[in-house]
Every structure is written in structure tokens, then in C-alpha cells.
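Architecture at a glance
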Amino acid sequence: MNLIFDPWIPVRRADGIRETIAPWQLTEGIADNPIVAVAAPRPDFDGALTQLLIGLLQTSCAPESSAAWRLWRQEPPTSETLLERLSTIESAFDFGGDGANFMQDLTLGPADFQKKPKRQTMALEGDDEEEGLTPIAGLLIEAPGKITKDENRDHFIKRGVVTGLCPHCAAAALFTLQTNSPGRGSGYRTSIRGGGPLTTILVHDGGTAVSMSLWNTCWLNVLDDTKWLSGRSGNPAKQSMPDRFPWLARTRTSESEESVTTPDDIHPDQMYWAMPQRIRLAMAKQDSNACCDLCGTTEKPLYLHYYAKKFGVSYKGYFRHPLSPYDLVDDHLRTVLTEPGGIGYRHWLGLIENEPNSVRQRATVIERFVQESPPQRREALVWAFGFDIYNSNKVRSWTDAQLPIFDLSKEVRDLFVPIVKNMVVVSSRVCGMTLRSILRASFFKPKGKKQKRSKVGNSYTEIIWVCPKPLKKFNKAEEDMDKAVLKEQRALMYSARSAFWDNTEKTFIDAMRAIKNALIKVDREAENAILEQWLHDLRREAHHCLELFSASGDFDGADPRRLALAEYELNGALSNPQIRELLGLPKSTRKTA
């Protein structure tokens, strides 16, 4: 199978019909019934395959200038033109058989494990250490490892659910793993952006069939050569195919700390095709009675195992992937990773707009879109997604969301961004006030305990009651009691925080749009009215969350006095004049109800 010529990417057209296409068919039917999205059996495959299509266009069809980029945006190329361009790299996209294979180690195979210590094999569940084989489920990032299996801790993601993958799903899983690769233990390298990078993709910016198409989504995220080749994230002089597609040559292994791959060693194209994991699929087997455990097809051979080995490519240095935001500290780039708790409007600054004097920098494609797109464009969306990975190799969740990006002149943007920043700050403070009130209403402070502040997530402070001495100095019953209370508090805080941010998102986005229009019209009175209404809605949601979550525990343990005290304290906190001052509103002449 060749991933350029053969249909293998599942997509959905505007009329809802699903089909499988080859990359060169991306613009077929774009005027009447365009392809609007990837429609893979998993959401992480949707994100990865969209990135793959962007990478193919960036690698083979990069425009020479901004003018050339705008030309294809206005008049998409025919499928024949795309086929001609993509044919220049088709030799790097063979999948299956001997020789170079897409995203797979060129030389890895059974011979590498026959005389090697058992500890060299990847420690995923069900490994056959004698042969170095790993079950194909290991290509899925959330797959439980061997230690998890041995300790019987695979409670939510069970072993044995996926035992065979068709070539289409195997290719998607392999690219997804290499693109988001977590550490998976000592010697296993993370992706070029780190383990679990946050990806931001411009989705569409208009209401026509072409602007809503998958082609437009992909082309919006392609940079012209002047930007793509002029940065510090690669060496344009490295023109050989292995410098762009690392699986076409022997892997640059990294047994020692000095064996790293820097931007000087590779072409910028390799940022889309980085290969940190040494993996080689074992030969696929045909079984007429078996089906792919992801897509259900029974017409193709299935991959059941793969070979994996430590010390793949170790990418180090100033790699600025165009689809990810970064923190820039002392000239060192650090990719923004996906955080627990989902993606929402609290992330708007840093992902969509650059906050003044902040180390956080939005993705290059969004920066280009804001700076160079015509001012008369419609509102666009940014699709942000990624794996939330903790302890280097454990997947907590997959998260994705869409956030708006507005068409603003520089003058309006300079007024708009500080207002939005202060609205996010106010939301964070109100969230913290709400959570503290919930704790006050739900948990009694025992005698002899002291108050301690601790960080939960990245957006608020919870208050927990802890023992003044280390737990080990108390008897077992007291230790178990405090651990149980702490666990219950944290669970309640995470639930309440998520509910607060989710329930206030729509009103926040609506207020942003209204403020944008008021700024364009230079209507200060309307702007204040919008902020007053938004603040009223925020306070109402704070009281709603307090009422909801303070009543979520044991009914017999409820204390009306504590609840009344929590309500009183929340009212006082929400009446703090600093909140109105942050929003630029005049002082209130009455108390908050």
C-alpha cells in the first residue's frame, strides 16, 4: 500500500456521506459536495490525520510566497495537480512489505532481539520477550503497560480490547503515536514537541462550501517557503530525502546523552515526520474470520504485533512546530502541553491572542493568520486538542475544543485583548471564591487541624484541612480518615471547577463577541452594559455551583449553618470592588444580591 496513491483516509462530506480517500483526492467535489472533516474511528486519529494532510501539503506543495498561498486559497488546485505534486514524495510513503516503511525503523527486526537481554524489549502488556514482539494495541497511546497488567491495575482501559488492526488503522495509529509520543519509560523518546503536545489548527473562516472544506482547513495551516525555511527549526541545506523522512535511512539512535538530533541536523520538513520511537510492524496476517478492532473491516490483512526498541531519535534544540504554542524562556522553547481539566475560554490568551509581556507565544500558523489575513474575513475557529499525559507516560484523557478568533484591526485589538485578559482573571478569581465556599459548606474543620493551601491544576487554589504532624505519626485509623477526606475534597473540587468553567463558557464567548462589536462602534456605554450583564451571570453561576455541590455529599452530614455562612462569605467576596475595578466598571451603589 502507498499512502499517497491508495485510498485509506476516512472522511465525511458536506451531505454526511462517509468515504475513504487518498490524499490527492482532497479537493474532489469541492464546489458541490466538499470533504469537510476527517472521520476516523477515534478522535485522536482525527487530529493526527488532519496534521498528516497539512504535513503533506507543507512538504510537497509549500507556496513560494504569501501571494502564491493566497492564490490556492481562492482557487483550490485540482486533484490532478495535487497528485502531480504529491508524487514527488511518494517513495517515502510505502506501507507494508520489506524495505523502507512509513514511520518505521528501517533495520529493526527479529535479529535485533535474538541475542539481546530481555530488558531491551518494550515493557507493554503481553510482550513476547523471546522474540521482541509487542501486541499491536501498544500503538495506542492509552494502552496499559506490562507493569499495569501484572499489578492488575487496568481498571478503565482494559487489556485485550484491541488485538488486530487493518493497514489503514495501523498507519493512523503509528503516526498518532510518533506525533504525540510519551516517554513510555527510560530510553523511550518523546515526540519532537514533547509528550502530549497541545496542537492548535485553524479550522475555517467563512460560510461558503470551499471555506468550510477540509482542504481550506489544511491550506490555512500551510506556511509559505519564506516563513517555513527561514526559521531556526531546521536546516534548509539538508535536502536529501532521509533528512526530511527519517525512516528512509538508518535511525539516528540515542544510546548516549550526546547522541541528539538538533535543528542543524535535519530539514524543517522533519518536524511533521519526526520518528522518536523505534518501531517495526511484524508481517500482517490474513484471516477471513477476523476483523479490525477499530474500524471493523474484514477485507484486509491484520497487524497483530510489532517490534520495538529503545533509544530512537532524541530531538533537542530550538524546534518550533508551526501548529503548537510555546513558552519562550531565555531563548529556550518549551512546547505547551495539554493540561488536565480540558480546554476552554480560560486558555484563550496564549492560544489565540498573545498576552503582552508573557512568555507564552501562540502557534506560528495563528500568528500568520492574524497578521496577514485580510481584515474583512469572517470569524474563524481554532481547533485545540491533545493528550493529557502525566508522570511522563500515563494518559489521563484526550481533550479537544474549538475557540473563536476574531477579525480585528490593530487599534481595536489593542483595546480588546486587555479587556478579555481581565475577564479571564475575574473568572479565575470567582472560580476560586466559589470553590472555597463549597469547601466551607461541605467539610467541617476538625479541632487541632490547621489550614493549608495547595495547588490543584493550574487555575485555582483549594483549601484543605490537614494534620499539623506527618500522617505517619498518627495511628492507622486517623491516617486513613485524613487520606479519605483529602481524596473526597479533591474529587469535589475537580468536579466543581469543571462545572464552573463549562457553564460559564457560552456567556463568556457571547460577551466577547458583543464587546468586539461595541469597540468597533466606539460605544463605551454598550461595552459597560455588556460587562455588567456578564458579571451578573458569572455571580449567578457561582451561587448555582455552591448550591449544587454543597448538596452533593451525605445528606445527613449537611449543616445548614455552614451553608448559610458559606453563602454569606461568597456574597461578600463577589462584592469586592476590585472585581469591578479590573473590568473598568464604575463602583456599585448597592450590595450584590
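The sections below set out a description of the structure shown in this document. (Residues numbered from 1 in each chain as written. Predicted model: local features only at pLDDT ≥ 70, side-chain atom pairs only at ≥ 80, totals over all residues. Heavy atoms only, no water.)

Another aspect to go through is the overall build of the protein chain. Secondary structure summary: the protein chain contains 15 helices and 14 strands in total. Within the protein chain, the proportion of its 593 residues that are buried is 52%. In the protein chain, the proportion of contacts linking residues at least 24 apart, taken out of those at least 6 apart, comes to 73%. Carbon together with sulfur atoms contributes 51% to the accessible area of the protein chain, which is approximately 27500 Å² in total. (Helix = DSSP H or I, 4+ residues; strand = E, 2+ residues; numbered from the N terminus. Buried < 20%, exposed > 50% of the residue type's maximum accessible area, 1.4 Å probe, protein only. Contact = heavy atoms within 4.5 Å. Areas by Shrake-Rupley, 256 points an atom, 1.4 Å probe, with all protein chains shown as cover.)

Looking now at the packing of helix α1 (residues 43–60) against helix α5 (residues 167–180). Here α1 crosses α5 at 80°, and the two axes come no closer than 9 Å. Viewed along their axes, α1 and α5 adopt a mutual orientation that is roughly perpendicular. Between α1 and α5, the contacting residues are Asp44, Phe45, Ala48, Leu49, Gln51 and Leu52 on the first element and Cys169, Ala172, Ala173, Phe175, Thr176 and Thr179 on the second. Grouping the amino acids of the contact of α1 with α5 by side-chain chemistry returns eight nonpolar, three polar and one charged. (Axes fitted to C-alpha atoms, helices over the stretch in contact; angles between N-to-C directions. Parallel < 35°, antiparallel > 145°, perpendicular 65-115°, else oblique. Nonpolar A, V, L, I, M, F, W, Y, C, P; charged D, E, K, R; others polar.)

Position of arginine 580 among the secondary structure elements: in helix α15 (residues 577–582). Arginine 580 sits in the buried class, given a relative accessible area of 8%. Leave out the neighbours within four places in its chain, and arginine 580 touches Glu532, Leu535, Arg539, Leu585, Pro586, Lys587 and Ser588.

Let us look at the packing of aromatic side chains. Tallying each qualifying case throughout the model produces 27 aromatic pairs. Geometrically, the ring pair formed by tryptophan 383 and phenylalanine 385 is tilted, given 4.5 Å between the ring centres and 45° between the ring planes. On the accessibility criterion, phenylalanine 385 (2% relative accessible area) is buried. Three or more aromatic residues link up through ring pairs in this structure, and these residues are Phe93, Phe102, Phe175, Phe245, Trp247 and Trp273. Between arginine 42 and the ring centre of phenylalanine 45, over which it is positioned, the NZ or CZ distance is 5.3 Å. Its guanidinium or amino end placed over the ring of tyrosine 318, arginine 232 lies 3.7 Å from that ring's centre, counting from NZ or CZ. (Phe/Tyr/Trp six-rings, centres within 6.5 Å; stacked < 30°, edge-to-face > 60°. Lys NZ or Arg CZ within 6 Å of the ring centre and 35° of its normal.)

Moving on, we get to the nonpolar core. When a protein is soluble and globular, its nonpolar side chains tend to lie buried together. By size, the foremost hydrophobic cluster in this structure holds 149 residues, and its most contacted members are Phe93, Phe102 and Trp273. Not counting the four nearest positions on each side in its chain, phenylalanine 93 is found in contact with Met1, Asn2, Leu3, Ile4, Leu56, Phe102, Phe245 and Trp273. Judged by nonpolar contacts, the second largest core, of five residues, contains Leu108, Phe113, Ala282 and Tyr307. (Core = buried A, V, L, I, M, F, W, Y, C linked by side-chain atoms within 4.5 Å.)

Whenever strands of a sheet pair, they do so through backbone hydrogen bonds, lying parallel or antiparallel. One open sheet holds the three strands; their spatial order is β2-β1-β3, and the pairing between them is antiparallel. A single partner strand is all that each edge strand has here, and the edge strands are β2 (18–21) and β3 (35–38). Within this sheet the neighbouring strands show an average axis-to-axis angle of 45°, counted without direction. (Pairing = 2+ DSSP bridges.)

Our next topic: the pattern of salt bridges. Counted by the stated rule, this structure contains 21 salt bridges. Close ionic contact of arginine 42 with glutamate 142 constitutes a salt bridge, the shortest N to O distance being 2.8 Å. Here glutamate 142 lies in the loop between β4 (133–135) and α4 (146–150) and arginine 42 lies in the loop between β3 and α1, a separation of 100 residues in the sequence. Accessibility expressed as a relative area gives 14% for arginine 42, which makes it buried. Across the salt bridge formed by arginine 413 and glutamate 353, the nearest N and O atoms sit 2.0 Å from each other. Linking arginine 413 in helix α11 (residues 410–442) with glutamate 353 in the loop between α9 (348–351) and β10 (360–361), this pair joins segments that are 60 residues apart in sequence. (Salt bridge = Lys/Arg side-chain N within 4 Å of Asp/Glu carboxyl O.)

Turning to the sheet that holds strand β6 (residues 278–281), a few remarks are in order. One open sheet holds the three strands; their spatial order is β4-β7-β6, and the pairing between them is antiparallel. What marks the edges here is a single partner per strand, and that holds for β4 and β6. Here the average twist between neighbouring strands, direction ignored, is 40°. Relative to strand β7 (residues 305–309), β6 runs antiparallel, the two being bridged by four bridges.

Take the pairing of β7 next. Most of β7 sits out of view: four of its five residues are buried. Both β4 and β7 contribute to a ladder of three bridges, which runs antiparallel. Following the sheet pairing, threonine 134 is matched in β7 by tyrosine 306.

In this section: the environment of threonine 190. By secondary structure assignment, the location of threonine 190 is in the loop between α5 and β5 (199–202). Given the relative accessible area of 34%, threonine 190 is considered partly exposed. Sequence-wise, threonine 190 and leucine 177 are 13 residues apart; in three dimensions their C-alpha atoms are separated by 9.7 Å. Look past the residues within four positions of threonine 190 in its chain and what remains in contact with it is Ser181, Pro182, Gly183, Gly195 and Pro276.

Looking now at the side chain of serine 213. Relative to the helices and strands, serine 213 resides in the loop between β5 and α6 (214–220). In this structure serine 213 comes out as buried when scored by relative accessible area, which is 1%. In this structure, serine 213 is in contact with Ile30, Pro34, Ile35 and Val36, ignoring residues within four places of it in sequence.

On to the packing of α11 against helix α14 (residues 560–574), then. It is at 8 Å that the axes of α11 and α14 come closest, and there the two elements cross at 165°. Judged by the inter-axis angle, α11 sits roughly antiparallel to α14. Crossing of α11 over α14 shows right-handed handedness. Contact with α11, carried on its side by Val430, Met433, Thr434, Ser437, Arg440, Ala441 and Ser442, involves Arg562, Leu563, Leu565, Ala566, Glu569, Leu570, Ala573 and Leu574 of α14 and no other residues of that element. Of the residues contributing to the contact of α11 with α14, the split by class is nine nonpolar, three polar and three charged. (Left-handed = near helix turned anticlockwise from the far one by under 90°.)

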